[in-house]
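A closer look at the structure
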Amino acid sequence: MIKCHFLRFRIGAALDAGRPLSGRLESHLDHCPECAAWCHTQRALAGRLRQTVPMAEAPPFLQERILRTIGNSRPQPEVSSWMWWAGAVAAAAVVAVLAIPMSQGGRQNGLADTGPEKNLLSSDVLLASTSPHFSSGNSWLQSAVAIDQPLRREFTLLKEDGLNTLRALKAGFVPSIVLPEKD
Amino acid sequence: MTALTLPMEIPSAADPAAVAAAGGSEVAALVERARLGDPAAFAAVVAQFEKRTFHFVLGMVGNSHDAEDITQETFVKTWQALRRYRPQHSFCTWLFTIARRTALNHLRARRPTEELKDHDISVEENPGDTTADRDDASAIWATARRLPPDQYDALRLCYGEGFAVKEVARIMNSNSIRVRVLLHRARRRMAEWLKPESPEPRTAPRS
């Protein structure tokens, strides 16, 4: 009986795939009238299911509605997984770097007292994180400086350029933002 | 916004198996053009798969109004994500995966408001079919709709849409073994229900 149970499963799998039964299955059916009857029923059912597929008529306006919604847009550009992760890590790092000095009240860098400059710096760094030039999670500091240059202002994030922020934060390093004097 | 026109030479997909077998390379060429941003090529893709997608979704959600919205959303999502499509996989499988997920999201957000009406479904007619044949076919798929949702989806994708078990597994975000089990249970239950003396089956609601 257990054998019949497993063989019926295999018979069903063959019917689902639309392939003929193997010799072993056929020989079992020759000796087992119950499985032969079961197979006959299942084969007939599979045939009836395949023969007539019900198909609802889609409304005639649906196609036009779809195409109107799509309009003149284009497929969205592909974002590769490594770019996505690099962007996510970089954005998280930038947010962490900005959040910690703010929570420290700017005591270590004296920037909190300058008011508008601090806000400008925050927005610029966030701008850098979404820039297409901002592609590498490990070189985000250099990228941030590079993006900021067209704005004709320079600043340095962390004194050690290229330091991996996550590693620094894990080591207990408190990042600071220093605004150098202009030339 | 410019209205798009459909190329006249694109056939509609009345026969899923025929489209799957004969239209594979044609569909691939259309999809490739659509990936490059050609809306006319995508319009042809919509023309080919709209009917199948609509009916598959209708079987899942149970009313034609929701099925229209979900079909539209499916094709919009497909268009937007077209550059993520990998040509080594079947486009049809990918499309149905999106359609099923969109329908499931819809069902999670809103319970079905209306039972599937008999007039929503019409049986595809073959010239040689008698009225009795059509009634039989209508009855068999009406019975299938009373299966648990996963079993119905597997049965519909395998027997109705002609997908292989592996493709059904991909669409259902599952594995081949589970799909085989679903199909086995669905057939076994159907055979019991379709016996002349069998009791009226109870409908399994989608949760």
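Residues numbered from 1 in each chain as written. Chains lettered and ligands numbered in written order. Predicted model: local features only at pLDDT ≥ 70, side-chain atom pairs only at ≥ 80, totals over all residues.

**A closer look at the overall build of chain B**
This is how the line gets drawn: Each helix is a run of H or I in the DSSP string that is no shorter than four residues. Each strand is a run of E no shorter than two, and both are numbered from the N terminus. Two residues qualify as being in contact provided that their C-beta atoms, derived from the backbone, are within 7 Å of each other.
Summing up its helical and strand segments, chain B has nine helices and zero strands in all. When the helices and strands of chain B are read in sequence order from the N terminus, they spell out α-α-α-α-α-α-α-α-α. By sequence separation, contacts in chain B at least 24 residues apart represent 68% of the contacts at least 6 residues apart.

**Description of the confidence of the model for chain B**
Residue and element names in this part refer to chain B. Under the convention used in this document: You can read pLDDT as the predictor saying how much it trusts each residue, on a scale of 0 to 100.
When pLDDT is averaged along chain B, the result is 78, and 69% of the positions lie at 70 or above. Mean pLDDT in chain B bottoms out at helix α1 (residues 16-22), which sits at 44, and peaks at helix α8 (residues 165-171), which reaches 94. Ignoring residues within four places in sequence, the model shows residues 1-23, a span with pLDDT below 50, making 31 contacts including any to other chains. Within the model, pLDDT remains below 50 along residues 112-130, and this stretch shows 29 contacts once partners closer than five positions in the same chain are excluded. In the model output, the complex is listed with pTM 0.61 alongside ipTM 0.71.

**Topic: the packing of helix α3 (residues 39-61) of chain B against helix α5 (residues 91-109) of chain B**
All names here are of chain B. So the rule is basically this: Angles shown run from 0 to 180 degrees and are taken between the N-to-C directions of axes, each axis being a line fitted to C-alpha atoms and, for helices, limited to the stretch in contact. Crossing handedness is read from the near helix: turned anticlockwise from the far helix by less than a right angle, it gives a left-handed crossing, and turned clockwise, a right-handed one. Under the convention adopted here, Pro, Cys and the residues Ala, Val, Leu, Ile, Met, Phe, Trp and Tyr are nonpolar, Asp, Glu, Lys and Arg are charged, and Gly plus all remaining residues are polar.
Viewed as axis vectors pointing N to C, α3 and α5 meet at an angle of 35 degrees, and their least axial separation amounts to 10 Å. Crossing of α3 over α5 shows right-handed handedness. Contacts between α3 and α5 involve Phe-49, Thr-53, Phe-56, Val-57, Met-60 and Val-61 from the first element and Cys-92, Leu-95, Phe-96, Ala-99, Ala-103, His-106 and Leu-107 from the second. Broken down by class, the residue content of the contact of α3 with α5 amounts to eleven nonpolar, two polar and no charged.

**With respect to helix α7 (residues 149-160) of chain B**
Residues spaced three or four apart along an α-helix point in a common direction, a consequence of the helix completing one turn every 3.6 residues. Residue and element names in this part refer to chain B. Cut-off, in case you're wondering: To assign burial, the other C-beta atoms lying within 10 Å of each residue's own C-beta are counted, with C-beta atoms placed from the backbone; 20 or more indicates buried, 12 or fewer indicates exposed, and intermediate counts indicate partly exposed.
Most of α7 is tucked away: ten of the twelve residues are buried. All of the buried residues along α7 are Gln-151, Tyr-152, Asp-153, Ala-154, Leu-155, Arg-156, Leu-157, Cys-158, Tyr-159 and Gly-160. Positioned one or two residues after α7, Gly-162 has a phi angle of 75 degrees, which is positive.

**Some points on the nonpolar core**
Across soluble globular proteins, nonpolar side chains show a tendency to be buried alongside one another. All names here are of chain B. Quick note on the threshold: The nonpolar core is taken to be a set of buried Ala, Val, Leu, Ile, Met, Phe, Trp, Tyr and Cys residues joined by way of C-beta atoms within 7 Å.
Val-45, Val-57, Ala-154, Leu-155, Cys-158 and Val-168 are the most contacted members of the largest nonpolar core, which has 62 residues in total. The element contributing the most residues to this core is α3, with twelve residues. For Leu-155, the residues in contact, after removing those within four places along its chain, are Ala-144, Leu-147, Leu-183 and Ala-186.

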